[in-house]
Amino acid sequence: MIISYKWLCEYLPETVSVERLSQILTSIGLEVEALHDYEEAKGGLKGLIIGEVLETQPHPNADKLKLTKVNIGGNIPLNIVCGASNVAAGQKVVVAPVGTTIYPTSGDPLTMKLAKIRGEESQGMICAEDEIGLGTSHAGIMVLPADVKPGTPAADYFQIYADTIIEIGLTPNRMDAMSHWGVARDVCAYLSHHDSKPVKPRLPVIDDLNIPKGAHPLTVTIENNKACPRYSGICIDGIQIAPSPKWLEQKIKSIGLKPINNIVDITNFIQHETGQPLHAFDADKIRGKQVIVKNLPEGTPFITLDGKERKLSAEDLMICDATGGMCIGGVFGGLESGVSDTTKNIFLESAYFDPTTIRKTSFRHGLRTDAATRFEKGTDISATVTVLKRAAALIIEVCGGQPSSEIYDVYPDPQPKKEIALSYQYLKKLSGKSYHPEAIKTILEALGFEIEKDDINALLVSVPYHKPDVTLPADVAEEVLRIDGLDNVEIPTSIKISPSVDENIESELVKNKIASFFVGAGHSEVLTNSITNSAYYTEDEMRTVVKMKNSLSTELNIMRPNMLETGLEIIAHNLNRKNENLKLFEFGKTYSINENSKFKEPEHLCIYLTGLQQTQNWKQPAIKYDFFALKGLVDQSLSQLGVGSLRYDELQDATFGYGLEIRSGQTLLGKIGAVAQQLLNRFGIKQAVFFADLNWDNLLKLALRNKAQFKPLSRFPAVQRDIAMIVPRELPYQSVEAVIQKLNLKKLQSLQLFDVFISDKLGAGKKSFAVNFIFLDEEKTLTDKEIDGWMQKIMQSLERDLQVEIRK
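Residue indices follow the written sequence of each chain, beginning from 1 at its first position. Totals for whole chains, interfaces and linings use every residue, but because this is a predicted model, local features are given only for residues with pLDDT of at least 70 and side-chain atom pairs only at 80 or more, for both listing and counting. The side-chain numbers reported here are obtained from all heavy atoms of the structure, hydrogens and water having been left aside.

## Considerations on the overall build of the chain
Helix numbers and strand numbers start at the N terminus; a helix is a DSSP run of H or I with at least 4 residues, a strand a run of E with at least 2. Within the chain, the regular secondary structure consists of 20 helices and 45 strands. What the globule rule says is 2.2 Å times the number of residues to the power 0.38, and the radius of gyration is computed from C-alpha atoms. For the chain, the C-alpha radius of gyration of 39 Å lies well beyond 28 Å, the compact-globule estimate for 808 residues. The C-alpha extent of the chain, read off along each of the three principal axes, is 120 × 90 × 65 Å. For the chain, with 808 residues in total, the buried portion stands at 47%. Under the convention used here, a 1.4 Å probe and the Shrake-Rupley method define accessible areas, while residue burial counts only the protein chains that appear. As displayed, the chain has an accessible area near 41700 Å², and 50% of this comes from carbon and sulfur atoms. The cut-offs for exposure are 20% and 50% of the maximum accessible area for each residue type, with area from a 1.4 Å probe on protein chains only; residues under the lower value are buried, those over the upper are exposed, and the others partly exposed.

## Let's talk about the packing of aromatic side chains
Side-chain rings of Phe, Tyr and Trp, where Trp is taken by its six-membered ring, are said to pair if the distance between their centres is within 6.5 Å; with planes under 30 degrees apart they count as stacked, over 60 as edge-to-face, and otherwise as tilted. One pass over the structure, following the stated rule, counts 21 aromatic pairs. When the centroid spacing of 6.5 Å and the interplanar angle of 20° are considered together, the rings of Tyr231 and Phe347 count as stacked. With Tyr231 in strand S14 (residues 230-237) and Phe347 in strand S22 (residues 346-352), this residue pair connects regions lying 116 residues apart in the sequence. Measuring from centroid to centroid gives 5.1 Å for Phe587 and Trp696, while their planes differ by 75°, and the two rings are edge-to-face. One end of the pair, Phe587, is in strand S32 (residues 582-589); the other, Trp696, is in helix H18 (residues 696-705), and 109 residues separate them in sequence.

## A few points about the pairing of strand S20 (residues 325-328)
DSSP calls a pair of strands paired once it identifies at least 2 bridges connecting them. Sheet analysis places strand S19 (residues 317-320) next to S20, joined by three bridges and oriented antiparallel. Bridged to Ile319 within S20 is Cys327. What sits between the antiparallel neighbours S19 and S20 is a turn of four residues. Pairing of S20 with strand S21 (residues 332-333) involves two bridges; the strand directions are antiparallel. Residue pairing across strands places Cys327 opposite Gly333, the latter belonging to S21. Adjacent in sequence and paired antiparallel, S20 and S21 are bridged by three residues, among which Gly330 carries a positive phi angle near 75°.

## Re the sheet that holds strand S6 (residues 92-97)
Pairing in this open sheet of five strands is antiparallel, and the strands run S5-S4-S3-S6-S11 from one edge to the other. Each of the sheet's edge strands pairs with one partner strand only, and the pair in question is strand S5 (78-82) and strand S11 (124-126). Pairwise comparison of adjacent strand axes, ignoring direction, gives a mean angle of 45° for this sheet. For strand S4 (residues 62-71) and S5, the ladder comprises five bridges, and the chain directions are antiparallel. Bridge assignment links Lys69 to a residue of S5, and that residue is Asn79. Between N-to-C directions, angles span 0 to 180 degrees; the directions come from axes that are lines fitted to C-alpha atoms, helices contributing only their stretch in contact.

## Re helix H15 (residues 564-575)
Between the first and last residue of a helix there are one fewer steps than residues, each counted as 1.5 Å, and that sum is the expected span. For H15, spanning twelve residues, the distance from its first C-alpha to its last is 16 Å, which sits close to the expected 16 Å at 1.5 Å a residue. Counting buried positions over the twelve residues of H15 gives nine, a clear majority of the element. Contact criterion: two residues are considered in contact whenever any of their non-hydrogen atoms come within 4.5 Å of each other. Residues of H15 that are buried make contact with strand S29 (531-532), S32, strand S35 (603-610), strand S40 (667-675), helix H17 (677-682) and strand S41 (689-695).

## Observations regarding helix H7 (residues 355-365)
Most of H7 is tucked away: eight of the eleven residues are buried. All of the buried residues in H7 are Pro355, Thr357, Ile358, Arg359, Thr361, Ser362, Phe363 and His365. Against the buried residues of H7 lie strand S18 (309-311), S19, S20, S22 and helix H8 (370-375). Note on H7: the residue one or two positions beyond its end, Gly366, has a positive phi of about 65°.

## Focus: the pattern of salt bridges
We define a salt bridge as a contact between a side-chain nitrogen of Lys or Arg and a carboxyl oxygen of Asp or Glu at a distance within 4 Å. Inspection of every chain in the model, using the stated rule, returns 38 salt bridges. Glu376 serves as the salt-bridge partner of Arg359, at 3.2 Å between the closest nitrogen and oxygen. In this pair, Arg359 is assigned in helix H7 and Glu376 in the loop between H8 and helix H9 (384-399), connecting sequence segments 17 residues apart. With respect to burial, Arg359 and Glu376 carry one shared label: buried. In this structure, the salt-bridge partner of Asp777 is Lys747, at a minimum N-O distance of 3.6 Å.

## Description of the packing of helix H6 (residues 262-274) against H9
Following both chains from N to C, one finds H6 and H9 inclined at 145°, their axes separated by 10 Å at the closest point. Here H6 and H9 pass one another in a crossing that is right-handed. Contacts from Asn262, Ile263, Ile266, Phe269, Ile270, Glu273 and Thr274 of H6 reach H9 at Val387, Arg390, Ala391, Leu394, Ile395, Val398 and Cys399. Per-class residue counts for the contact of H6 with H9 are ten nonpolar, two polar and two charged. In this scheme, a crossing is called left-handed if the near helix is turned counterclockwise away from the far one by less than a right angle; it is called right-handed if the turn is clockwise. Amino acid classes used here: Ala, Val, Leu, Ile, Met, Phe, Trp, Tyr, Cys and Pro are nonpolar; Asp, Glu, Lys and Arg are charged; the rest, including Gly, are polar.

## A short note on the sheet that holds strand S38 (residues 646-650)
Taken together, the seven strands give an open sheet; going across it, the order is S28-S32-S35-S41-S40-S39-S38, and neighbouring strands pair in mixed fashion. Whereas interior strands pair on both sides, the edge strands pair on one side only; in this sheet they are strand S28 (524-525) and S38. Sheet topology note: the S32/S35 ladder contains eight bridges and is antiparallel. When the sheet's bridge partners are listed, Phe585 is paired in S35 with Ile607.

## Let's talk about the environment of Leu668
For Leu668, the position within the fold is in strand S40. The partly exposed category is assigned to Leu668, whose relative accessible area is 35%. Once the C-alpha coordinates of Leu668 and Asn695 are considered, the two residues, 27 residues apart in sequence, prove to be 7.6 Å apart. Other than its neighbours up to four places away in sequence, Leu668 contacts Glu661, Ile662, Arg663, Asn695 and Asn698.

What follows is the structure, given as structure tokens:
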């Protein structure tokens, strides 16, 4: 939220320094995130001087340049080479002498230096308005009125508007502080409490308008009073569309808004002054002289102010005339009904719209306007007419014209004020501080609360309409606490706590163990957003996703159905910043809903590898990550968890270019592989990414089932044997392993493939496997006869079941 210091001070009973004001705002929960100086013209025109052109003559070496002598109030006039076609003797101009820095409307600052231009010395520059930040015209130099005295500082003549801009970090519930009036109210409440003298904001006096009796040029009707509980408006005829007066342009420019015309500027000014958005319609374009607040059928086309055609939802609230929509209520105006340069008569709207309706419409159409931002947080339903009078009076003052109708105020079901009881004991319990009852009443009354009942133990207060977020005693306590000052909460000398009993500690220990394993292997843990973009997923995948009811943006509108896309966002972010070698892991959840509307929220352990596994050095070449590096890492991590009896099956998944599915017995543990290139292209990733998605819930069950036991090292030696075999080229090693494991040889400790050789010399369609076997008996030394018998059994089984050829 942007606040102008000068503007805010107009509503304060006394001037408060910027430094103290910053401390006050932060203390009452309106945290000041930044303070910066604002100048209407950058640089404040420092160093620029008003001069008088004494004489001009053609430049001897350039047809388009002139030599001038300019008096800037000194004893000796300056010689300045000027290229402007409109320069002439006797003119009063703006001069930038040598050493002055000018700040153009667009472009970088420029410091004047003594220079020779085509052989003639120039001691400065005569300026155009765009060269010193006072406009955009470069048609010629600025020519000032003849009565301006040479030597006058330009900053004094132009009276450049300067201000201090305060950036406040507002929490979403503080709609009451989204205006200069609202901030002034809080500051006055703070001053009343701490300075022990009641003060109130100096708000403008709003007089009744001179409204003609019996004038009813329009009819106003609300058909959907749930989405629009109150709608106010007034007709003003005979206005003149023109640029805004200087004071108005200066104020709205100081808070970052661009002046457009007097009507639009006034509605923007009122919005930032009071927090109430307004909208002005061209009254002559309202067909049938009817204003109807209603919903239009699904799919109705509507052209908004930006010229785009949008298809309306049946839930979008529309401001309509007799034939169709004029404005998306509370969000964005229509192209055909808006104010233009030829507008003479307007209908000015001031309404209260349902926050939920406005937020949904705003996100549905991607229209995050200032008005929608305020309406979706809840505006002051009691202020529509007051603000309307304030705006109408300002329009009549600035734009001319007169009211041509009475004030329309359609409010079918007036809302009563909420009443909340606050006990002093409860306030002490929440705040940790004892407040005097009078101090509490002073604070609440300064904020607009009304004391309905006051007894020795509690207060009954009615909540002002500008605080829709205050619904509970705790909310009232918060108001007292923040105006007293959040930094005034006393720190107790002792803290009382109740010891907690940790539950599910074993699962956390297992997770910590595996996380430590990955960190020890050089991996970085990441935590990606569980809310993601629905555009990543196909229509079939969207059937089971969990959609956000109130999404933060159109790019964050569903709970992620799988982990890969959010991980690829992180990888793309790093690759775009030249961090190309990544090994990452993450614990996270995915979300889905089935046909019975039951939610699933499984937890995953994911691994991401991309780039180089080993960079090039003097001894070894660079080694890229590949599928086998990922599989080895997964095997090691599963070994850490004590999960065995692994089976790898070919993976059929469009997410992967190729990969494997991992099981332990019948339990699915996850899938690993290379991410499909089509998916990588969507994220702009040009290098291979290898991804493992492990079901942490299933892994955890198996890990907790396996209890670690001490086992001494064997006193007897292990024996190794190798077998080389020729097999069909399409035969996977897994088939070989399965045949051997089926033999259930008790003394076989491990087997490992250590060589694969493919050559036509072995025969067409053939390859060679070399497998290492390790045998061990814990109770005695194995004999050659025993080992030879087991090896013979292995070879016979392979020859019989797989038709392999044992190489001698």
